[in-house]
Amino acid sequence: MAIRGYAWLLLLLLPLLQGQNHQPLRRSKRRWVLTTLELEEEDPGPFPKLVGELFNNMSNNVSLMYLLRGPGVDEFPEIGLFSIEDHQSGKVYVHRAVDREVTPSFLVYFDAVDRSTGKVVDESLIFNIRVRDVNDHAPQFPKKEFNISVKESHAAGQPIFQLLTVDLDQENTPNSQVLYFLVSQTPLLRESGFRIDLISGEVRLSGCLKYETAPWFTLIVRATDCGEPSLSSTATIHVSVEEGNNYMPTFVEDHYEIQISEGEVAWGVLDLPVQDGDSPFTPAWRAQFHILDGNEEEHFDIMTDPETNRAVLNVIKPLDYETQAAHSLGIVVENQEPLFSCEEGQAQPSTKAMASTTVSVQVVDTNDPPAFHPRSFIVSEEDGAGPGIQLGDFKATDPDRVASQIRYKLVHDPADWVTVDEETGAVTTKRQIDRESPHVNGSFYTILVHAVDSGLPPLTGTGTLMLFLSDINDNAPTLQSHSRHLEICESAGNQPLLLEAEDADLDPYSDPFTFDLDSAQRDVDGTWMLRTKQGEGRSAELVMLRSLPPGDYLVPLFIGDRQGLTQRQTVHVRVCSCPSGSKCETLSNTGLLLWALSPICAALLALAAALLSLLRCRFEFGPKRLGGVIPSDNGHQTLIVYNEESQTLSAQMQPTGGDQMPALSFSAAAAHAKPDVKVYLDRLVPRCPLPLMEGRVIETWNQKLHVIDVLDGDTGYPPHVYREEGECDGAETLSSLTFSEQDLPPELLDYLNLKSTPSEAMCSASRVPS
């Protein structure tokens, strides 16, 4: 290996010791003398090969021996690479080739040792043995082939791809500096080409691409370093051209004519095909249509069929022949992707106008329904207005004819308040109107009227009259349903009961309400008190002033509105003992019903008792009692003897308490009947008590039904006192029915064979045939 130069290095010995007594330092000199040690990468030999020589001039007649140690000598990465063959001369040898890319340098240590003693006579010399680079690596691409795509509309001169290479030779040297070259392009076109930047490796487009001409290109690129000799490598780039929109869509026809019936919504009334040279089903091929003019009223809509790329014209708002008989639509088309063109080798956005066509629409006249003017109107009228008031007039015209016969027909009048004149459309009340009707919503009552023309077939238009009912004070406040029946425990004392009222009228004819007890009723003021709270105009509190025994009580009161309109109301208060706690036992719906129906049940029981008494009388005094052959409608019966002669019991009405119907009992005298006596008791006995019994039953029914009316209807009339507790009048006996024996036929007396006494148990014989 050639040695390019020698360099002499003078090493000065610095003070080594500094005494604690500040003694002056001793200065001594030493010197290493060596040549430059440098290797050439991949040196072919022969080996061992001299690298350089070194010695120390501080021998002073001392025999020295030179030693070498460190990486490349006795340490990794290259053990045994260097050695000193002659320890006296200090010549360094290399034993094999070195790869700089693996180990670019070696840091070795040199020592001078006294040969006789083996003692190091000087400090170690550290020296860096450099490996000089040779151009033994070509630039390498990451891979041999690349696949890229570029839009057809890509601008010329703009980079589309950049190549990168790696050279393992020493950096910043000609051996690692890379230059790029375009070796070939397939296909090679004059108007479409590529070029590559020499230094950066960027691939750029020159000219315009045309997908229809060349949908793909193959480029071969070479990377070369600047070493001596230069090394290079190649790579292949496959360029796929993505089609752009370089063809403008055009309509097949420049003008279209169609007819459309008025008053209809129709889809697909016209298809407009277009032609486009770009690849189907790409953004450059898909068309977008717009109605440029003629659709100011937005009657039409246009859309694209995704399969055929045609325009589909629709009518989304009915046309009116009388308003506009013809329409001219200007329609344009463009692609989803912007159109571009190649001008002077550059792809640029196109300035061409969009393709257009014209559609002439002729509207076909049809029978139109009458139109109201206005379609709806509002009329105000006072609540309670009577019949015969004209509320307003409906006005309708026929768009098809100036002089058309129109008939008006009332179609919505849920309360049946008005009539509509068939010819004039005048709306007139026929009965009194009421704002509180359930058909009135928010003080408005809706009336709908149809106008029917004389066309074939006749068509109908609809008009609306909104009747606003201004309120009057025609309703007095009333208790709410939950305030009519209240409960309170006997032990609750003066716990207030909440009364809430309502009024169907509006302000100022409703709350705040006034609550006053009906002082005309006995003991009301001493038993109850009403009080109201500030700011609560729709409620009051009912307070019990004295303790009351359990039972049902009626509390009459008057409730008035702000204008003074009052109405008498009755609160039903139930006072209960509350055995289970602080609340009354809840009455079920069934219990409330039985409570309300109890007077009816009592009346029915009284009637049943009366009927049973009549039946008893029938059986005791009927034909069975007389025996023998007795004519009757039911055939022959046997007279059964119940009592002996003179063992008479007065028939009397015994009170059972309350309003119950008195129970009747009858007795008859014992009789010994003769077999040949015929008595018509079937005509005598059952008919005599009926007038008296009917009177009692009717009286009882009247009393009970009157009580029910008071409870249910709450007419405000006080209950009538029919009987005070403790009074007991004697029941009417049957003494007035007595008759003498002379009044009876002799045949009957002979047949009975007894001394007849005035029988209180027998019926009057006034009807017995003689």
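The shown structure was predicted, so the numbers you read here are calculated from the model rather than taken from an experiment. (Residues numbered from 1 in each chain as written. Predicted model: local features only at pLDDT ≥ 70, side-chain atom pairs only at ≥ 80, totals over all residues. Heavy atoms only, no water.)

### Concerning the sheet that holds strand E14 (residues 202-207)
Stage number 1. The strand order across the open sheet built from three strands is E11-E14-E13, with neighbouring strands paired in antiparallel fashion. Both outer strands of the open sheet, strand E11 (159-162) and strand E13 (192-196), are each paired with one neighbouring strand and no more. Within the sheet, the average angular offset between the axes of one strand and its neighbour, ignoring direction, is 30°.
Stage number 2. Two elements, E11 and E14, share three bridges in a ladder whose sense is antiparallel. The partner of phenylalanine 161 across the bridge, within E14, is valine 203. (Pairing = 2+ DSSP bridges. Helix = DSSP H or I, 4+ residues; strand = E, 2+ residues; numbered from the N terminus. Axes fitted to C-alpha atoms, helices over the stretch in contact; angles between N-to-C directions.)

### A short note on the confidence of the model for the protein
Stage number 1. When pLDDT is averaged along the protein, the result is 75; 71% of the residues meet or exceed 70.
Stage number 2. Contacts from residues 1-28, a stretch scored under 50 in pLDDT, to residues over four places away or in other chains number 35 contacts.
Stage number 3. Overall, residues 588-592 carries pLDDT values under 50, and its contacts beyond four positions in sequence, including any with other chains, amount to one contact. (pLDDT = per-residue confidence, 0-100. Contact = heavy atoms within 4.5 Å.)

### Points about the state of the cysteines
Stage number 1. Throughout the structure, instances matching the rule amount to two disulfides.
Stage number 2. A disulfide bridge connects cysteine 489 with cysteine 578, and the sulfur atoms are separated by 1.8 Å. Across the S-S bond of cysteine 489 and cysteine 578 the torsion is about -95°, and the bridge reads as left-handed. Of this pair, cysteine 489 sits in strand E38 (residues 485-489) while cysteine 578 sits in the loop between strand E44 (566-576) and helix H2 (589-621); the two residues are 89 residues apart in sequence, bridging distant segments of the chain.
Stage number 3. Overall, the relative accessible area of 5% leaves cysteine 489 in the buried class. (Disulfide = S-S within 2.5 Å. Buried < 20%, exposed > 50% of the residue type's maximum accessible area, 1.4 Å probe, protein only.)

### A closer look at the nonpolar core
Stage number 1. Within the largest apolar cluster, 23 residues are counted, with the highest numbers of intra-cluster contacts made by Phe394, Tyr408, Trp417, Val427, Leu465 and Leu467.
Stage number 2. Where this core is concerned, the elements lending two or more residues are strand E29 (376-382), strand E33 (418-420), strand E35 (444-452) and strand E36 (460-470).
Stage number 3. A total of four residues in this core trace back to one element, the largest contributor, which is E35.
Stage number 4. Those residues in contact with tryptophan 417, other than ones at most four positions away along the chain, are Thr428, Thr429, Lys430, Arg431, Gln432, Ile433, Asp434, Ser437, Val440, Tyr445 and Leu469. (Core = buried A, V, L, I, M, F, W, Y, C linked by side-chain atoms within 4.5 Å.)

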